[in-house]
Amino acid sequence: FEVPKETQFLFEILTQPIDEGVFDETTQLHGTIVPSSAGQAVVQTPQTGRLVSLSARVGQSVSKGQTLALLEETLDATEQVSLQAERNSLEAELTAARKEYERIKKIEDIVAKRDLAEAESRLQKAEENFKVFTPIAKGSKGNTRIVPLKAPISGIVSPFSVAIGSTVGVGETIFTITNLSTVYVEAQAFGQDAEQIKAGSKLDLVGTAGDVQKRSDRIHLLSLAQAVNANQSHKLLFELSNPDGAFKIGEFVSVRLQIGQTSRTLSLPNAAISQVNGKPAVFVKESPETFRIVYVATGTNNGERTTITKGLANGEKVVINSAYQLKMMYLNQ
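Residues numbered from 1 in each chain as written. Predicted model: local features only at pLDDT ≥ 70, side-chain atom pairs only at ≥ 80, totals over all residues. Heavy atoms only, no water.

Draft legend 1. The overall build of the chain, seen in detail. What the chain contains, in helices and strands, is 5 helices and 22 strands. Classification of the 333 residues of the chain by burial places 35% in the buried group. The contacts of the chain with a sequence gap of at least 6 include a subset with a gap of at least 24, amounting to 75%. For the chain, the accessible area works out to roughly 19,300 Å², and carbon and sulfur atoms hold 50% of it. (Helix = DSSP H or I, 4+ residues; strand = E, 2+ residues; numbered from the N terminus. Buried < 20%, exposed > 50% of the residue type's maximum accessible area, 1.4 Å probe, protein only. Contact = heavy atoms within 4.5 Å. Areas by Shrake-Rupley, 256 points an atom, 1.4 Å probe, with all protein chains shown as cover.)

Here is the structure:
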């Protein structure tokens with residue numbers, strides 16, 4: 001099919017004579033993005049209660065220790081009686097400790113230092129114990145105690161379904177917080193591939209979101225296989241620096257390992273190879289304005305180039321840029 005020179009210039013269609021060259025072989029592993037050790041946390045209720053305040057929203061960035069909600073505890077009659085009795089006991093101890101400390105303080109010059117230290121220690125302990133029963137929220141009365149629910153890590157608040165006024169039980173998950181700045185990649189390797197992987201190897205991560213391919217080289221081996229899976233594959237763990245959050249938890253990715261072996265063969269940039277009718281194909285330039293489609297048999301893909309085992313010969317001019325535009329022209333002719 002013919003493509004005028006003006007169209008070639010407009011779409012920046014470039015060609016390159018194909019020839020045998022050095023090809024760096026790689027090993028490809030398939031894996032899944034999972035949270036890092038401190039990359040995901042849940043906020044659960046320590047007791048039954050009612051949510052009286054929500055200060056977090058879905059998608060919000062929160063800091064470690066930030067209060068996300070306030071929980072008002074709810075107690076039955078028996079628990080309230082027990083709680084009030086314990087409160088009265090601690091309050092009486094605090095009053096007695098404070099009076100004893102004030103008495104000894106007035107006669108400090110004639111009492112032993114040990115007695116003064118013991119009185120001071122008793123008062124501090126009584127104050128700390130009584131703080132447990134001190135309402136945290138303004139407006140709390142009587143036996144009501146307000147418990148803050150705080151973020152255990154810094155990150156993004158995931159969707160949640162609770163609302164102000166709702167009653168929650170003990171151990172119920174209220175919030176999930178995710179931090180994608182560092183994630184792990186769980187991958188499987190079989191046989192010889194598992195033996196070739198070692199710390200310090202050059203790694204390349206590839207993921208696909210829709211039609212957009214994502215790549216990163218900020219990945220390193222975290223742990224070699226400590227056990228073998230049921231399918232006899234080796235489970236490997238990699239750590240990926242992901243500051244922009246491009247890779248998401250649960251995403252399927254490929255890890256390519258440079259194994260250091262090279263060979264001389266015909267290879268093309270991956271961008272030069274298209275899928276036409278379900279088969280790999282390339283476009284060859286026969287004259288200044290004439291192109292033809294060639295179906296090829298492909299071999300190893302190292303992430304940048306793919307070997308061609310059948311269909312092309314040395315010296316043929318293959319389109320290496322804007323192959324997709326040529327594909328559309330070919331299909332629409």
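Draft legend 2. Inspection of the pairing of strand S3 (residues 40–44) at higher detail. By the alternation rule, side chains of S3 split into Ala41 and Val43, which are all buried, and Gln40, Val42 and Gln44, of which none is buried. In the sheet, S3 pairs with strand S10 (residues 173–178) via 5 bridges, with the strands oriented antiparallel. Bridging from a neighbouring strand, Gln44 pairs with Thr173 of S10. (Pairing = 2+ DSSP bridges.)

Draft legend 3. View of the sheet that holds strand S4 (residues 49–54). Strand order in this open sheet of 4 strands is S7-S6-S4-S9, and the pairing throughout is antiparallel. Strands at the two margins of the open sheet, each flanked by one partner only, are strand S7 (146–150) and strand S9 (167–168). Here 5 bridges tie S4 to strand S6 (residues 67–73), and the two strands are oriented antiparallel to one another. Bridge pairing in S6 links Ser53 to Leu70.

Draft legend 4. Quick peek at the nonpolar core. Ranked by size, the top nonpolar core spans 18 residues in total, and within it Leu29, Val185, Leu205, Ile219, Phe238, Leu240 and Val255 carry the most contacts. Within the residue set of this core, elements represented by two or more residues are strand S2 (20–35), strand S11 (182–189), strand S12 (203–209), strand S14 (219–223), strand S15 (234–241) and strand S16 (252–269). Setting aside residues up to four positions removed in sequence, Val185 forms contacts with Gly31, Thr32, Ile33, Leu205, Ile219, Leu236, Leu237, Phe238, Leu240, Val253 and Val255. (Core = buried A, V, L, I, M, F, W, Y, C linked by side-chain atoms within 4.5 Å.)

Draft legend 5. Quick peek at the pattern of salt bridges. Under the counting rule described, the total for this entry stands at 8 salt bridges. Put simply, Glu100 and Arg103 hold a salt bridge, and the shortest N to O gap is 2.9 Å. Note that Glu100 and Arg103 are positioned in helix H2 (residues 77–106) at a spacing of 3 residues, about one turn of the helix. Overall, the relative accessible area of 44% leaves Arg103 in the partly exposed class. With its nearest N and O atoms 3.4 Å apart, the salt bridge here joins Glu128 to Lys131. Pair noted here: Glu128 and Lys131 are both in helix H3 (residues 113–131), with a separation of 3 residues, about one helical turn. (Salt bridge = Lys/Arg side-chain N within 4 Å of Asp/Glu carboxyl O.)

Draft legend 6. Main features of the pairing of S4. Across 2 bridges, the pairing between S4 and S9 is antiparallel. Bridging from a neighbouring strand, Gly49 pairs with Val168 of S9.

Draft legend 7. Region of the structure containing helix H5 (residues 323–332). Those residues of H5 that sit buried are Ala323, Leu326 and Lys327. Taken down its axis, H5 places every buried residue within 105° of arc, on the same side. Exposed positions of H5 whose direction lies more than 90 degrees from the buried face are Tyr324 and Asn332. Tucked into the core, H5 has its buried residues touching strand S17 (274–276), strand S18 (279–287), strand S19 (290–295) and strand S22 (317–321). (Arc of directions from axis to C-beta.)

In short, shape yes, function no, at least from these values alone.
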